[in-house]
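Report on the structure
Residue-level listing of the chains:
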Amino acid sequence: MRNPRFFLRAAIPLLVAIGSGCRPSATGNGQRFSTLRQIDEQSVAHLGLAWSRELATTRGLEATPAVDDGLIFTTGSWSVVYAMDARTGEIRWTYNPKVAHERAYFICCDVVNRGVALHGGKVFVGTLDGRLVALDEHTGKVLWDTDTVDSSKPYSITSAPCIAGNRVVIGNGGAEYGVRGSVSAFDADTGKLLWRFYTVPGDPANGFESQALAAAAKTWSGEWWKTGGGGTPWEGIIYDATLDLLYFGTGNPTAWYRDLRGAGDNLYTDSILAVRASTGELVWHFQPTPGDNWDYDATEPLVAARVKIGGRDRDALLQANKNGFFYVLDRATGEFLSGGPFVGGITWASGLDPKSGRPIEPPTAGSRFEASLDSPSSDGAHNWQPMAFSPATGLAYFAAKEGTVTLHAPDPHWKYDSSRDNEGDDESYDGPLMAKFGTVAHPHGELVAWNPAASQLAWRASYPVVEGGGTLATAGNLVFQGRADGILAAYRATDGKELWRFDAGTGIMAPPVTYTLDGDQYIAVMAGWGGPSGLFNGPLAGAVKPGYGRILTFRLGGSAVLHAPAYGHPSPPPDPGIAVDTAPRTIAEGRHLYGVWCARCHGWNAIAGPLPDLRYSGRETLLRLDDIVLHGTQSQWGMPSFENKLTAGEVRDIRAFLVFRARESSTTGARSQ
């Protein structure tokens, strides 16, 4: 995940910036807190746009910009790197790693990238196809390019790299597609692999790479290695130079459900790990969700902070976990110090054991091949969006989702399939799941301020959408956060009062950063709506705002005007004018197939977010649907072939459903129904 990097300069033009990468915890690693105070709770009312730069994409933008020597370095969709003038936004150079767009099929959560790391005059970026690339900071020239994974398998990288000494450290994603998670360290000068730590044990017949993995194997059942195991560390890594420790979280096992994997805690999935930076040796682990049954990854951003626990100052590690609980751990040992729920309505656990931190599960937890409606949802009460911590207030600030649910239904006939995702869901529940959306209470999003010393909520600020972005805290007693409706807001850090807002023209997921240049403090943020929630575009998300992505920067007295290009369709879809089978049974089957194979990218009920709205496909496109879906004629644009997943008859049913939806929307005069 994006982890803050502080660049300290002795004098103007560039003084301080918060960006991606990682630095020793002595500087506040992971805290996303800036000592800058020119923009404070009084002056923020005069904050205005300094400049913006369009990035020619409608896909999700999640990167934390890094600022150095008058340049902003950031990433867009498809792992493209941009170097821009921090004063004007002029693009100095770009680097396109040319990831094959058909790989989008194996990217669970949009073709996003969360930023670069800077070190020794180099810019380091991980790519969607699993490479780590070093670029010259001034020219963008490729200095080295290395595979970090077995490229024959569906791995991906969306996180920013981490710098630990002269090592570049990176994890990977792809757990649902049958891979084995790992974290790897490379020499920053040459790209040579220095060590690799696997997060789950491999095939016992081949021996285990370490005693830690031999111990982990005892917590698995069956032949887990045939599905890869999962446990991918797909988000950020932070580094404590004093302890020589790297900290990171791992994702879910494969498949999601205990019934499909067998008994056991499944170490080191859904865990927070400390690994020796010099050797890759495991030092300690803590598992928030043992034997995960809900996709509660532990990959959410980690923060290293000094926290008073029981009257004693502790060097702590903080995490707001996907599972709805906030954890405080000892940074050196992994000892559980405290924890508590930061959202209400948690159903999967009644609390945490006060000594071990292990969840207390009700007897009904773990499905037993029965469908269950669980909260938080698989998307989590908090996810990858970076959390900020202010030493001035002692509070952690992060986006939370209250009241989200998921219908979990393991498929008793599930078999591992390397050609598709392996969540293990019973897809016959697709229809009931859609119906459930109309019966559950509407979830809502909020900015949460959590007191880790007291293990309790300090304040919360609700907003009219479910999804909020990453956060930035400053010494000006401010917290900055964007959200899905395109609003970037500044809140008073002590009590959550909103003091300023700006409409960025499209939803914001990424965290803001701040820097000074020529004596002025700037705030910068990437705005671009997407990710899994954006692509699925569910009916309970609120007034989200897909659109064209951009980077925006602000300063006191800024007077630039944002001219956001219009996005979407001004009118309801026209009747495409082709004959299809309109029998209710055909439409129902098309709806089901669309929900299983298409909705994840093209939107719930064919109402799209950032990607093309298929209700507007038009006659020629619909007549060519076989070529597009089965033969991959649009693969260069990220639409892969489904030749091995769907038949020509099933494509006809999907076409019939799309025509039905176009006519239905045209008749009702609705673009969003």
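All figures in this text were calculated on a predicted structure; none of them were measured in a lab.

Calculation rules
- Residues numbered from 1 in each chain as written.
- Predicted model: local features only at pLDDT ≥ 70, side-chain atom pairs only at ≥ 80, totals over all residues.
- Heavy atoms only, no water.
- Helix = DSSP H or I, 4+ residues; strand = E, 2+ residues; numbered from the N terminus.
- Rg over C-alpha atoms; globule rule 2.2 N^0.38 Å.
- Buried < 20%, exposed > 50% of the residue type's maximum accessible area, 1.4 Å probe, protein only.
- Contact = heavy atoms within 4.5 Å.
- Lys, Arg positive; Asp, Glu negative; His and termini not counted.
- Charge placed at Lys NZ, Arg CZ, Asp CG, Glu CD.
- Pairing = 2+ DSSP bridges.
- Axes fitted to C-alpha atoms, helices over the stretch in contact; angles between N-to-C directions.
- Expected span 1.5 Å × (residues − 1).
- Disulfide = S-S within 2.5 Å.
- Salt bridge = Lys/Arg side-chain N within 4 Å of Asp/Glu carboxyl O.
- 1 Å grid on protein atoms, 1.4 Å probe; cavity = no way out; pocket = protein on both sides within 12 Å on 5 of 7 lines; lining within 4 Å.
- Points joined across faces, edges and corners; volume = space filled by probe spheres on them.
- Nonpolar A, V, L, I, M, F, W, Y, C, P; charged D, E, K, R; others polar.
- Polar contact = N/O pair within 3.5 Å; in protein donor to acceptor, adjacent residues only side chain to side chain.
- pLDDT = per-residue confidence, 0-100.
- Phe/Tyr/Trp six-rings, centres within 6.5 Å; stacked < 30°, edge-to-face > 60°.
- Lys NZ or Arg CZ within 6 Å of the ring centre and 35° of its normal.

Focus: the overall build of the protein
Regarding its fold elements, the protein presents nine helices and 38 strands. Taken over C-alpha atoms, the radius of gyration comes to 24 Å for the protein, in line with the 26 Å a tight globule of 673 residues would show. Counting over 673 residues, the protein shows a buried share of 62%. Of the contacts formed within the protein by residues at least 6 apart in sequence, a portion of 63% connects residues at least 24 apart. Of the charged side chains in the protein, 59 are positive and 70 negative; the average position of the first set lies 3 Å away from that of the second.

Considering the sheet that holds strand S4 (residues 66–68)
The strand order across the open sheet built from four strands is S4-S5-S6-S7, with neighbouring strands paired in antiparallel fashion. The sheet is open, and its two borders are formed by S4 and strand S7 (91–95), each paired with just one other strand. Each strand of the sheet is rotated relative to its neighbour by a mean of 20°, with strand direction disregarded. Bridging between S4 and strand S5 (residues 71–75) involves three bridges; their strand directions are antiparallel.

A look at helix H9 (residues 648–668)
Here H9 contains 21 residues, and its C-alpha end-to-end distance of 30 Å stays within 8% of the 30 Å for a straight helix at 1.5 Å per residue. Regarding H9, the residues found buried are Val651, Asp653, Ile654, Arg655, Ala656, Phe657, Leu658, Val659, Arg661, Ala662 and Ser665. Among the structural elements, helix H5 (584–597), helix H7 (619–623) and helix H8 (625–631) are those in contact with the buried residues of H9.

Side note on the pairing of strand S33 (residues 478–483)
With six of six residues buried, S33 lies mostly within the body of the structure. Side-chain alternation along S33 places Leu478, Phe480 and Gly482 on one buried face and Val479, Gln481 and Arg483 on a second face that is also buried. Pairing geometry for strand S32 (residues 468–474) and S33, over five bridges, is antiparallel. Across the sheet, residue Ala473 finds its bridge partner in S33, namely Val479. Hairpin connection of S32 to S33: three residues between the antiparallel strands, including Asn477 at a positive phi of 60°. Pairing of S33 with strand S34 (residues 487–492) involves five bridges; the strand directions are antiparallel. Bridging from a neighbouring strand, Val479 pairs with Tyr491 of S34. Here S33 folds back onto S34, and the loop between the two strands holds three residues, one of which, Gly486, carries a positive phi near 90°.

With respect to the environment of Gly174
For Gly174, the position within the fold is in the loop between strand S13 (167–170) and strand S14 (182–187). Spatially, the C-alpha atom of Gly174 lies 8.1 Å from that of Trp234, the residues being 60 residues apart in sequence. If near-sequence neighbours (up to four positions away) are discounted, Gly174 is found in contact with Pro154, Ser156, Val179 and Thr232.

Some points on the environment of Pro341
With respect to the element layout, Pro341 can be found in strand S23 (residues 336–341). For Pro341, a relative accessible area of 47% translates into the label partly exposed. As a C-alpha pair, Pro341 and Phe326 span 15 residues in sequence and 6.1 Å in three-dimensional space.

So, the environment of Asp259
Along the chain, the position of Asp259 falls in helix H2 (residues 258–261). Accessibility expressed as a relative area gives 23% for Asp259, which makes it partly exposed. Note: C-alpha distance between Asp259 and Glu370 (111 residues apart in sequence) is 9.8 Å.

A look at the state of the cysteines
Summed over all chains, the structure comprises one disulfide. Two residues share a disulfide in this structure: Cys108 and Cys109, whose sulfurs sit 2.1 Å from each other. Its S-S torsion of approximately -90° makes the covalent link between Cys108 and Cys109 left-handed. Since its relative accessible area comes to 32%, Cys108 is described here as partly exposed. Taking relative accessible area as the criterion, Cys109 reaches 25% and is therefore assigned partly exposed.

Thoughts on the pattern of salt bridges
Here the structure, examined in full by the defined rule, presents 36 salt bridges. Taking the shortest distance from any N to any O, the salt bridge between Arg92 and Asp85 comes out at 2.6 Å. Judged by relative accessible area, which is 47%, Arg92 ranks as partly exposed.

Examining empty space enclosed by the protein
The full count for this structure, using the stated rule, is one cavity of 30 Å³ or more. The space that makes up the largest cavity amounts to roughly 40 Å³. As for the largest cavity, its lining consists of Ala381, His382, Asn383, Gln385, Ala399, Ala400, Lys401, Val466, Glu467 and Gly468. Among the elements that line the lining of the largest cavity, the one with the most residues is strand S28 (residues 395–402), at three residues. When grouped by side-chain class, the residues that make up the lining of the largest cavity number four nonpolar, four polar and two charged.

Looking at the side chain of Asp129
For Asp129, the location among the structural elements is in the loop between strand S9 (122–126) and strand S10 (131–136). Within the structure, the side chain of Asp129 is placed 2.4 Å from the side chain of Thr127, a separation counted as a polar contact. In this structure the side chain of Asp129 is engaged in a polar contact, spanning 3.2 Å, whose partner is the side chain of Arg131. Apart from the residues within four sequence positions on either side, Asp129 is in contact with Val99 and Arg103.

A few points about the pairing of S9
Most of S9 is tucked away, with five of its five residues classed as buried. Neither face of S9 is open: one carries Lys122, Phe124 and Gly126, the other Val123 and Val125, and all of them are buried. Bridge analysis of strand S8 (residues 117–119) against S9 gives three bridges, and the strand direction is antiparallel. Bridge pairing in S9 links His119 to Lys122. Hairpin connection of S8 to S9: two residues between the antiparallel strands, including Gly120 at a positive phi of 60°. Pairing analysis gives five bridges linking S9 to S10, with the strands arranged antiparallel. If you follow Val123 over to S10, its bridge partner there is Leu135. The loop that links S9 with its antiparallel partner S10 comprises four residues; one of these, Gly130, has a positive phi angle of about 90°.

Things to note about the confidence of the model for the protein
Averaged over the protein, the pLDDT score is 91; the fraction of residues at 70 or greater is 93%. Low pLDDT, under 50, characterises residues 1–17; the stretch is placed with 89 contacts to residues that sit more than four places away or in other chains. Across residues 23–28, where pLDDT falls below 50, the model places 15 contacts with residues more than four positions away in sequence or in other chains.

Describing the packing of aromatic side chains
All told, the structure shown has 29 aromatic pairs when counted by the stated rule. Ring centres of Phe286 and Phe336 lie 6.0 Å apart, and the angle between their planes is 5°; this geometry places the pair in the stacked category. Residue Phe286 is found in strand S19 (residues 282–286), and its partner Phe336 is found in strand S23; the two are separated by 50 residues along the sequence. According to the relative accessible area criterion, Phe286 is buried, its value standing at 7%. Relative to Phe657, the ring of Tyr594 lies with its centre 5.4 Å away and its plane at 50°, an arrangement referred to as tilted. Of the two residues, Tyr594 is situated in helix H5 and Phe657 in helix H9; the sequence distance between them amounts to 63 residues. Summarising the burial analysis for this pair, Tyr594 and Phe657 share the class buried. Directly above the aromatic system of Tyr198 lies the positively charged group of Arg180, at a separation of 3.9 Å from the ring centroid.

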